[in-house]
Amino acid sequence: MQHLGFSTNKLKIGSFDFTCCEGCQLQLANKEETLPEFLDLLDIRNFREISSERFDDYDIALVEGSISRSDEVERLQAIRKQAKILIAYGSCACFGGVNSLKNHFPPDECVHEVYGDSPVETLPVRRISDVVKVDFSIPGCPVSKDEVERIVVSIATGAMISLPKYPVCVECKQQLNTCLFDLGEVCLGPITRAGCNAVCTTGKTACLGCRGPAEDINYRSFRELVKEHGLSLDEMEEKLRFYNCFEEFRDDES
Amino acid sequence: MIYKVISKEEFSRFVDALIRENCSYGPREVDTDRHGNPVYQFRRVHSADEVAFDYTATHSSAKHLMLPYREELSRFRFSEGDWEQDIEYRVKPRLLVGLRPCDISALNILDDVLLNGKFPSPYYLAQRKNTFIIGMDHLPLPDCFCQSLNHHTVTKGFNLFCSDIGDSYYLSVNSSKALTYLKNFAIGDPTHEDDCRLIERRKLIKQSFQTEVEVTGLPSFLDIEFDSPIWQKWGDKCLNCGTCAMVCPTCYCYDTSERIDTDLEGASRQKQLYSCNLVDFAEVAGGHNFRPGNGDRLKYRYYHHYRGFAENANQQICVGCNRCGRACLADINPKDVINDLRMEKESCMICVSPSPPRT
Amino acid sequence: MHDMRFTIPPQDINKEHFAEEVADFNRKSALMQTDRGYKCRITNIVDLTGQEKLFQLRIVNPEERRLFTFLPGQFLMLEVPGYGQIPISISSSTNNQEFIELCIRRAGRVTSALFQAGEGAMVAIRGPFGSSFPMHEMSGSNVILVAGGLGIAPLRAPLYWINEHRDRYRNVHLLYGTKEPSQMLFTYQFEEWKKVNHIDLHTIVEEPGPQWEGRTGMITELLQDIDIDADNTYAIVCGPPVMFKFVCNRLEREGIPMNRMFVSLERRMHCGMGKCCRCMVGTTFTCVDGPVFDYWSVMNLQEAI
């Protein structure tokens, strides 16, 4: 930022995956129209999906996935030790994500269902912040490349970073979408953090809350309105559970 | 203003010619809701066939065409330790067809707020000046209450206004541009009979309102009831989702932010329409929130709409379209909130005289 | 296919007469440029405490520099290109056409960027905006200036004004309190204010360190130190709302009428022009009706305190 009298350095970055689909990391290589400039901001030291070179001198660690094995705990702790900034990257890292559905079933049953007669060691799913300190979270399933770009640019230029505090409804209404409640569906838009540009609801798919709760949500009123609209509370529960983002609120209710 | 009459078929040809020649927006059917009712929105139209002239109400207002939800205010170009700022106010001309009187009133209110102060908004001015507006009257929906705020008729703020008088439209021509276009079509001067039919039409509209919201004296009510428990009550229902402000034809509060380009060679200063219901509306750097409660924030939306602010001459900015009431998932609507507020006062138990019976 | 007869002609608002009528800040000509600022160079940065710095800005264009005038208590919008805009009260003398001084605490995105900036950095300002302290009305009277913490920043402009027109004012007291001694700003000017300008300066801290030899306690205690001629005194009070509430109530008990006490409010702002609505307090906007209000108005504004 020469006009302010300081220079910007490339960010030494490492990208790591734990229990996940690695789709969020793939987002880093998406959005071709700004990809060259985006990569120009980074000095990629460690990123399995795009380079076979591995270095351990990264400053910023993007950590994708949740923690479901004991060896993952060790690996994560080593990353925490090296990284100056550790970012929980994607809904699995931030909240446990889809993987957490497993936590609602008996462990043996899960292992048997998936691995049959050759069982593997597996623990209840934890989010990254359950294991190590997280400096910043970028939620989403997958993360929005546009938001990642904004955050990376902010870090590179020494600007403070933040996520929208308001819910998806704001962005959804800005797209002139028909409210999914009017179409008879339970949508988590009113309680989910915006920043995705309402991509699902614009495609007429109900929001499942992958970005986690917006700030200061009114969960009680939300639950009431689902009932008042004559919609299924079971459907709501199922959606709330999908990414494991709303556990704290669901506990309040029971 | 001059008055003309045009048959509905000829009107359709006239609108079609304008739509085809210009970037045009009008009410379109975009969905069918769970009860089988059509959903309308102001969207781009390419011929008169696409316009739902007999639409009930659009879910969102046409505000976004004048005040885009997101808008770039200016750009910075960085170079060698310095920068240049670029600002553009250019807007391509557009046609906006099918606006109801309340929506045109809403634009007149925005004109007052955004153009008549010490600091007029050039961005809004550019949009407004480049929009050709054709308004159309309609019979109110059961929950419309624009009559209570005197916005069921409109006398300015449009280029052309059409009143339905049976098989033809009674036209109020409010710009020479409109008359120039109309001259290419079969129009006539209103006969005495046409005048009578117009008066009948207006009577019918006036008598069709089913919802009334008593707004007289509301500003002083609101001042007295600043600490009323009803704000807490409705605040407990409010989701802070901002839907009401987004669909509202007059909510204009906004947020600005700056974003540096990915190549670090420039930056963009952007505006986004905001809502006083959103949690960080009054939050300052460092984290202090001047309005931390749901009820406080909800109250402010009502204050802005029914009390008005000193800056815009304390005028009420609500036009009574009830879009916010229809869109609110938590079933918060102006009629109920205002009635509640009046009840609170009028049924007060410590008053020396009994309250008048509510009708 | 095209029928030009029906084309709506474009209207370029830049060419319209309207564009030249309304006053954009001090610039009477290119009027519609409500989003354009005066480009400034940061010419000096003084580290005041770990939290606050004093930035000295110079408007680059000489013509714009000549046109920029303000009144004590007014604020401006400081633009740091790429990072954003924030409202900042002006801390320098209204007489100083060469430089504008802004006392800034590191708090958010814009101020953090500013704290990394060095001398020579290019920023911009819009303004000045808002109401001011009625310095003319106060002449011939005693003035009590009360500052809590960063509240000294908006007080510096009226203080300069008084110093430059010292003979117009009678006794001038400056009461200044902070939480800790290390947070006290502009200590390097204290001697000058006392000796040269004959300002009766009193300081106090809430949490004294080992070095502190002055008074300890709440700022209201300093009011006991001075003689107040209630019929002939004005007060300017800046600081957190809790503080000015206590101070003003105390001064009212001493007999100073509420409309002779002035406070400066702070709120979130995005425009400075009464458009974004973020700074509304009660039914007024801090940016156009304020930031300076007399205490009577503030008392009558819901939510102000």
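The model shown is predicted, which means the values in this text are computed figures rather than measured ones.

Caption draft 1: View of the overall build of chain B. Within chain B, the secondary structure is distributed over 11 helices and 12 strands. In terms of overall dimensions, chain B is globule-like: its C-alpha atoms have a radius of gyration of 23 Å, near the 21 Å expected for 359 residues. Taking all 359 residues of chain B together, 48% fall into the buried category. Relative to all contacts within chain B whose residues are 6 or more apart in sequence, the contacts with residues 24 or more apart total 72%.

Caption draft 2: Here's a closer look at the overall build of chain A. Assigned secondary structure in chain A consists of 11 helices and five strands. Taken against the 2.2 N^0.38 rule, which gives 18 Å for 254 residues, the C-alpha radius of gyration of chain A at 19 Å falls within 12% of a compact globule. Referenced to the eigenvectors of the C-alpha coordinate spread, the extents of chain A come out at roughly 55 × 55 × 30 Å. Per-residue burial over chain A gives 46% buried out of 254 residues. Contacts spanning at least 24 positions in sequence make up 75% of the contacts within chain A whose residues lie at least 6 apart.

Caption draft 3: Examining the UniProt feature "domain: NADH:ubiquinone oxidoreductase-like 20kDa subunit" (unreviewed entry) in chain A more closely. The feature "domain: NADH:ubiquinone oxidoreductase-like 20kDa subunit" (unreviewed entry), as annotated in UniProt, sits at residues 21–154 of chain A in this numbering. With 36% helix and 14% strand, residues 21–154 of chain A has its two end C-alpha atoms placed 27 Å apart.

Caption draft 4: Looking closely at the nonpolar core. In this structure, Ala-61 and Val-63 of chain A together with Val-237 of chain C are the most contacted members of the largest nonpolar core, which totals 262 residues. Ranked by the residues each element gives to this core, the list is headed by helix H2 (residues 101–115) of chain B, at eight residues.

Caption draft 5: Highlighting the domain arrangement of chain A. Residues and elements named next belong to chain A. The domain boundaries assigned to chain A delineate domain 1 (2–156) and domain 2 (168–253). Its C-alpha centre places domain 1 at a distance of 25 Å from the equivalent point of domain 2. Domain 1 puts 12 residues into the contact, and the matching count from domain 2 is 10 residues. Per-element accounting of the side of domain 1 that touches domain 2 gives the leading share, three residues, to helix H4 (residues 91–95).

Caption draft 6: Quick peek at the interface of chain C and chain A. On the side of chain A, nine residues touch chain C, which itself brings 13 residues to the contact. Broken down by element, the residue count for the side of chain C that touches chain A peaks at four residues, all from helix H2 (residues 109–116) of chain C. Classifying every residue of the side of chain C that touches chain A by side-chain character gives six nonpolar, six polar and one charged.

Caption draft 7: Summary view of the domain arrangement of chain B. Residue and element names in this part refer to chain B. Structurally, chain B comprises domain 1 (2–207) and domain 2 (218–346). One C-alpha centre belongs to domain 1, the other to domain 2; they are set 25 Å apart. Taken together, the contact between domain 1 and domain 2 spans 32 residues of the former and 31 residues of the latter. Of all elements in the fold, only strand S4 (70–79) and H2 reach the threshold of two or more residues within the side of domain 1 that touches domain 2. For the side of domain 1 that touches domain 2, the class distribution of residues is 15 nonpolar, eight polar and nine charged.

Caption draft 8: A look at the interface of chain C and chain B. Counting residues at the interface gives 43 residues for chain C and 52 residues for chain B. Where the side of chain C that touches chain B is concerned, the elements lending two or more residues are strand S4 (84–89) and strand S14 (284–285) of chain C. A per-class count over the side of chain C that touches chain B returns 17 nonpolar, 16 polar and 10 charged.

Caption draft 9: Region of interest: the sheet that holds strand S7 (residues 142–148) of chain C. Residue and element names in this part refer to chain C. Taking strand neighbours across the sheet as the criterion, the seven strands line up as S10-S9-S8-S7-S11-S12-S15 in an open arrangement whose pairing is mixed. Of all strands in the sheet, those bounded by a partner on one side alone are strand S10 (215–216) and strand S15 (292–294). Looking at chain direction, strand S12 (residues 261–264) and S15 are connected through three bridges and run antiparallel. Residue pairing for S15: Val-263 is matched across the bridge by Phe-293. Packed onto the sheet, helix H4 (residues 152–164) meets S7, strand S8 (172–178), strand S11 (233–238) and S12 and runs at close to 155° relative to S7. Packing against the sheet, helix H6 (residues 241–253) makes contact with S7, S11 and S12, and its axis sits at approximately 165° to S11.

Caption draft 10: Fine view of the environment of Val-215 of chain B. Residues and elements named next belong to chain B. Mapped onto the elements of the fold, Val-215 is located in the loop between helix H5 (192–207) and helix H6 (218–224). A C-alpha to C-alpha distance of 9.8 Å links Val-215 and Arg-307, two positions 92 residues apart in sequence. In this structure, Val-215 is in contact with Ser-148, Leu-149, Tyr-306 and Gln-316, ignoring residues within four places of it in sequence.

Caption draft 11: Local environment of H4 of chain C. Here H4 of chain C contains 13 residues, and its C-alpha end-to-end distance of 18 Å stays within 8% of the 18 Å for a straight helix at 1.5 Å per residue. Counted residue by residue, H4 of chain C has 10 buried out of 13 residues, so it is predominantly covered.

Caption draft 12: Summary view of unusual backbone geometry. Here the bond from Cys-141 of chain A into Pro-142 of chain A is cis, since omega is -5°, no more than 30 degrees from zero. Turning to its location among the elements, Pro-142 of chain A is positioned in the loop between strand S5 (136–138) and helix H6 (145–156). The omega torsion of the bond from Gly-290 of chain C to Pro-291 of chain C falls at 5°, within 30 degrees of zero and hence cis. With respect to the element layout, Pro-291 of chain C can be found in the loop between S14 and S15.

Caption draft 13: The sheet that holds strand S4 (residues 85–89) of chain A, seen in detail. All names here are of chain A. Ordered by their spatial adjacency, five strands build an open sheet running S2-S1-S3-S4-S5, and the pairing between neighbours is parallel. Across the chains shown, the open sheet's two edge strands, defined by having one partner strand only, are strand S2 (42–47) and S5. Taking each pair of neighbouring strands and ignoring which way they run, the sheet shows an average axis angle of 25°. Strand contacts of helix H3 (residues 70–82): strand S1 (11–17), strand S3 (60–64) and S4, with the helix running at about 155° to S3, the strand carrying the most contacts.

Calculation notes
Residues numbered from 1 in each chain as written. Chains lettered and ligands numbered in written order. Predicted model: local features only at pLDDT ≥ 70, side-chain atom pairs only at ≥ 80, totals over all residues. Helix = DSSP H or I, 4+ residues; strand = E, 2+ residues; numbered from the N terminus. Rg over C-alpha atoms; globule rule 2.2 N^0.38 Å. Buried ≥ 20, exposed ≤ 12 C-beta atoms within 10 Å, placed from the backbone. Contact = placed C-beta atoms within 7 Å. UniProt positions renumbered as here; feature names shortened; annotations may be inferred. Core = buried A, V, L, I, M, F, W, Y, C linked by C-beta atoms within 7 Å. Domains from an automatic or database assignment. Nonpolar A, V, L, I, M, F, W, Y, C, P; charged D, E, K, R; others polar. Pairing = 2+ DSSP bridges. Axes fitted to C-alpha atoms, helices over the stretch in contact; angles between N-to-C directions. Expected span 1.5 Å × (residues − 1).

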